[in-house]
Amino acid sequence: MEKRYVIGVDLGGTKISTALAELNGNIISEYTIPTNAAGGEQEVLGRILSAIEKVLALGDKKVDEIKSIGIGSPGPLDSKKGIILETPNLPFENFHLVKPIEERFKIPTYLENDANAAAIGEFMFGAGKNTKNMVYITVSTGIGAGAIVDGRIYRGNTCNALELGHTTILPEGPRCNCGNYGCLEALASGTAIARIANEKLKAGAESSLKSYEVVTSYEVFEEARKGDKLSSDIIDKSLEYLGIGVSNIITIMDPEIVVLGGGVSLAGEIVFDKVNKVINKRCFKVLRENCRVVPAALVKQSGVIGAVALAIMESQ
Ligand SMILES: [Zn+2]
């Protein structure tokens, strides 16, 4: 039977999203279930297998019509071996995820970290269409990135290239979840913005943020927009660090575009204005004049479309 479809699986700490798609990325059916990570690795594996079966049934397709399966997962992982090494929100540790899926369905299956999968999605179907060299950066609770070099995803030696969130921006900076100090993620992620705001409030700073019971990065952006001084200062500093991170990646990779995705990038103009200002100050003219920083096109579906795109790219 002609294999004209692929399946994408976006594996997250809270939900597993699957999509059945044509080879042009057009989605035929979708199915999402809770991950139930607390149930352990066999439980989660079982849920992935049954979600794949369900999305096939919903799309009215058979296993032998499927060309490949792509899985996007938080890392670190070994995509060449199909193993999830470890990840904070999932029960897997050195877990061979690809093998049982290939054994069950007899379909070539590819595993990739979720930022790389999202990068492939933007490259094939989003803001990176018609480019050859692209960097994708997601800024939300954490900061992740993926690079397309000459039309292919760049993995590096251990498949963990482009851990932009864990590059050191401030040597004496705050401790990061990874153990290092002054990582970009500890300075400019949504989590970092919220942490800094809450620390300042606790220390007695005057701010309209005091009227909120819970302050996340969303409230800090909101109040900054309304002119609150503390919020504006926090956002300005965080975006300065983000801009330095983006400038560094432009200087290293010389991409045609940098695609900014994730929750923080949804704040829009304020983010892009500041990041562009920093790039103008810090990058060579030839680099900055030949690179655009653009918003992601697939924000809400970046995970599952990224997994679909991974399946298509790897099966070509
Ligand atoms: Zn770190």
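Because the structure is predicted, anything quoted here is derived from the model rather than measured.

**Points about the sheet that holds strand S5 (residues 77–78)**
Spatially, S5-S6-S7 is the arrangement adopted by the three strands of the open sheet, whose pairing is antiparallel. Unpaired on one side and paired on the other, S5 and strand S7 (93–96) mark the two borders of the sheet.

**A few points about the domain arrangement of the protein**
Each assigned domain of the protein is listed with its residue range as follows: domain 1 (5–121 + 301–315) and domain 2 (129–296). Taken together, the contact pairs 16 residues of domain 1 with 16 residues of domain 2. Taking both sides of the interface into account, the surface hidden between domain 1 and domain 2 amounts to around 1200 Å²; carbon and sulfur atoms contribute 48%. It is Asn-116, Ala-119 and Met-313 in domain 1 that bury the most area against domain 2; as a group they hold 37% of the surface buried on that side. On the surface where domain 1 and domain 2 come into contact, there are two salt bridges.

**A closer look at the pairing of strand S1 (residues 5–11)**
Taken across its seven residues, S1 has seven buried, putting it largely inside the fold. Side chains of S1 alternate between two faces, with Tyr-5, Ile-7, Val-9 and Leu-11 and Val-6, Gly-8 and Asp-10 buried alike. Of the pairings in the sheet, the one linking S1 to strand S2 (residues 15–22) comprises seven bridges and is antiparallel in character. Each residue of the ladder has a partner; that of Val-9, found in S2, is Thr-18. Count of turn residues in the S1/S2 antiparallel hairpin: three residues.

**Concerning the side chain of Thr-18**
If you trace the backbone, Thr-18 turns up in strand S2. For Thr-18, the contacting residues outside a window of four places in its chain are Gly-8, Val-9, Ser-29, Glu-30, Tyr-31, Ala-51, Ile-52, Val-55 and Val-304.

**Concerning the coordination of the zinc ion**
Distances from the zinc ion to its protein donors, namely His-166 (ND1), Cys-176 (SG), Cys-178 (SG) and Cys-183 (SG), fall within the range 2.0 to 2.4 Å. The site at the zinc ion holds four donor atoms, and with the angles between them running 105 to 123°, its shape is tetrahedral. For the zinc ion, the donor residues sit on a single chain with the sequence spacing H-x9-C-x1-C-x4-C.

**Points about the state of the cysteines**
For the structure on display, the rule yields zero disulfides. In this model Cys-159 remains outside any disulfide bridge; the closest cysteine sulfur is found in Cys-178, 19 Å from its own. The exposure class assigned to Cys-159 is buried, which follows from its relative accessible area of 1%.

**With respect to the nonpolar core**
Core analysis: the largest hydrophobic core is formed by 45 residues, its most contacted members being Ile-137, Val-246, Ile-250, Val-258 and Val-271. Of all the secondary structure elements, the ones that give two or more residues to this core are strand S9 (134–139), strand S10 (143–149), helix H4 (184–188), helix H5 (190–202), helix H6 (217–226), helix H7 (229–253), strand S12 (257–261) and helix H8 (269–282). The biggest single contributor to this core is H7, with 10 residues. Beyond its immediate stretch of four places on either side in the chain, Val-246 contacts Ile-137, Val-258, Leu-260, Val-275 and Ile-279.

**With respect to the packing of H5 against H6**
It is at 8 Å that the axes of H5 and H6 come closest, and there the two elements cross at 70°. Taken as axis vectors, H5 and H6 run roughly perpendicular relative to one another. Along the contact surface, H5 presents Gly-190, Ile-193, Ala-194 and Ala-197, while H6 presents Ser-217, Val-220 and Phe-221. Along the lines of polarity and charge, the residues of the contact of H5 with H6 split into five nonpolar, two polar and no charged.

**Regarding the sheet that holds S12**
Taken together, the five strands give an open sheet; going across it, the order is S11-S10-S9-S12-S13, and neighbouring strands pair in mixed fashion. Two strands lie at the open edges of the sheet, namely strand S11 (152–153) and strand S13 (292–295), each paired on one side alone. Across the face of the sheet, helix H3 (residues 114–125) comes into contact with S9, S10, S11 and S12 while running at roughly 50° to S10. Seen against the sheet, H8 touches S12 and S13 and runs at an angle of roughly 165° to S13.

**Here we look at the packing of aromatic side chains**
Summed over all chains, the structure comprises one aromatic pair. Ring centres 4.7 Å apart and planes at 20° place the aromatic pair Phe-92 and Phe-95 in the stacked group.

**Things to note about the packing of H3 against helix H10 (residues 302–315)**
At a closest axis distance of 7 Å, the pairing of H3 and H10 adopts a crossing angle of 75°. With respect to H10, the element H3 is oriented roughly perpendicular. In this structure, H3 contributes Ala-117, Ala-118, Ile-120, Gly-121, Phe-123, Met-124 and Phe-125 to the contact, and H10 contributes Ser-302, Ile-305, Gly-306, Ala-307, Ala-309, Leu-310, Ile-312 and Met-313. Looking at the contact of H3 with H10 residue by residue, the classes come out as 12 nonpolar, three polar and no charged.

How each quantity is defined
Residues numbered from 1 in each chain as written. Predicted model: local features only at pLDDT ≥ 70, side-chain atom pairs only at ≥ 80, totals over all residues. Heavy atoms only, no water. Pairing = 2+ DSSP bridges. Helix = DSSP H or I, 4+ residues; strand = E, 2+ residues; numbered from the N terminus. Domains from an automatic or database assignment. Contact = heavy atoms within 4.5 Å. Buried area = accessible area lost by both parts, 1.4 Å probe. Salt bridge = Lys/Arg side-chain N within 4 Å of Asp/Glu carboxyl O. Buried < 20%, exposed > 50% of the residue type's maximum accessible area, 1.4 Å probe, protein only. Donors = N, O, S within 2.8 Å, 3.2 Å for Na, K, Ca; no water. Tetrahedral: all angles 85-135°; square planar, octahedral: opposite > 155°, others 65-115°. Disulfide = S-S within 2.5 Å. Core = buried A, V, L, I, M, F, W, Y, C linked by side-chain atoms within 4.5 Å. Axes fitted to C-alpha atoms, helices over the stretch in contact; angles between N-to-C directions. Parallel < 35°, antiparallel > 145°, perpendicular 65-115°, else oblique. Nonpolar A, V, L, I, M, F, W, Y, C, P; charged D, E, K, R; others polar. Phe/Tyr/Trp six-rings, centres within 6.5 Å; stacked < 30°, edge-to-face > 60°.

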